[in-house]
Amino acid sequence: LERQLLMQNQMRERQTAMQIAWTREFLKYFGTLFGLAAVGLTAGAVKKKNPGLLLPIVPLSFIFAYQYDMGYGTLLQRIKGEAENILDTQSALLEPPKGPLTYEDLEKIRRSQSKFFVEK
């Protein structure tokens with residue numbers, strides 16, 4: 001059991017590391033897109049004297065900030081803290097509908113899905 005717990009923890013850590021690495025890699029590409037869009041939209045707004053062209057920068061900056069916080073900031077720490085808070089103070093939210101699944105529930109589902117099962 002202890003080995004299984006260690007293995008599950010290692011898998012969770014590897015998945016989290018992959019998620020952070022993916023976010024950092026995505027941030028490089030999105031940062032380039034954001035930079036080019038900001039420069040292009042700013043140049044267009046100045047050239048055409050239309051400040052409305054700067055509006056797309058607002059949602060793009062929110063996405064960029066979120067991705068940066070996820071990859072290099074403290075977003076994961078804040079998420080972990082909120083998850084711990086939910087576990088400690090709002091555990092009723094974590095209960096599955098109709099309560100935990102039991103062996104009897106699984107057997108009922110299996111019987112209802114089985115075409116060859118005949119009850120005596």
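On a predicted model such as this, the values are computed, not experimentally measured, just so you know. (Residues numbered from 1 in each chain as written. Predicted model: local features only at pLDDT ≥ 70, side-chain atom pairs only at ≥ 80, totals over all residues. Heavy atoms only, no water.)

(A) Spatial organisation of the packing of aromatic side chains. Under the definition given, this model contains four aromatic pairs. Residues Trp-22 and Phe-26 carry aromatic rings whose centres are separated by 5.3 Å and whose planes lie at 10° to one another, so their mutual orientation is stacked. Here Trp-22 pairs with Phe-26, and both are found in helix H1 (residues 2–48), just four residues apart, close to one helical turn. Taking the centre distance of 5.5 Å and the plane angle of 35° together, the rings of Tyr-68 and Tyr-72 count as tilted. Taken as a pair, Tyr-68 and Tyr-72 lie in helix H2 (residues 57–72) at a separation of four residues, close to a single helical turn. Through a chain of ring-to-ring contacts, three or more aromatic side chains come together here, namely Trp-22, Phe-26 and Phe-30. (Phe/Tyr/Trp six-rings, centres within 6.5 Å; stacked < 30°, edge-to-face > 60°. Helix = DSSP H or I, 4+ residues; strand = E, 2+ residues; numbered from the N terminus.)

(B) Structural context of the packing of H1 against H2. Where H1 contacts H2, the axes come no closer than 9 Å and their chain directions differ by 155°. Considering the angle they form, H1 stands roughly antiparallel to H2. In the crossing of H1 with H2, the sense of the turn from one axis to the other is left-handed. Taken together, the residues of the contact of H1 with H2 sort by class into 15 nonpolar, seven polar and one charged. (Axes fitted to C-alpha atoms, helices over the stretch in contact; angles between N-to-C directions. Parallel < 35°, antiparallel > 145°, perpendicular 65-115°, else oblique. Left-handed = near helix turned anticlockwise from the far one by under 90°. Nonpolar A, V, L, I, M, F, W, Y, C, P; charged D, E, K, R; others polar.)

(C) Structural detail: the packing of H2 against helix H3 (residues 75–89). Here H2 crosses H3 at 80°, and the two axes come no closer than 6 Å. One finds that H2 runs roughly perpendicular with respect to H3. Counted together, Tyr-66, Asp-69 and Met-70 of H2 and Leu-75, Leu-76 and Arg-78 of H3 form the full contact between these two elements. Class assignment of the residues belonging to the contact of H2 with H3 gives a composition of four nonpolar, no polar and two charged. (Contact = heavy atoms within 4.5 Å.)

(D) Geometry of the environment of Thr-89. Here Thr-89 is to be found in helix H3. Overall, the relative accessible area of 54% leaves Thr-89 in the exposed class. Considering only alpha carbons, one finds Thr-89 and Asn-9, 80 residues apart in sequence, at a separation of 24 Å. Here the side chain of Thr-89 touches Asn-85 through a polar contact of 2.7 Å, landing on its backbone oxygen. (Buried < 20%, exposed > 50% of the residue type's maximum accessible area, 1.4 Å probe, protein only. Polar contact = N/O pair within 3.5 Å; in protein donor to acceptor, adjacent residues only side chain to side chain.)

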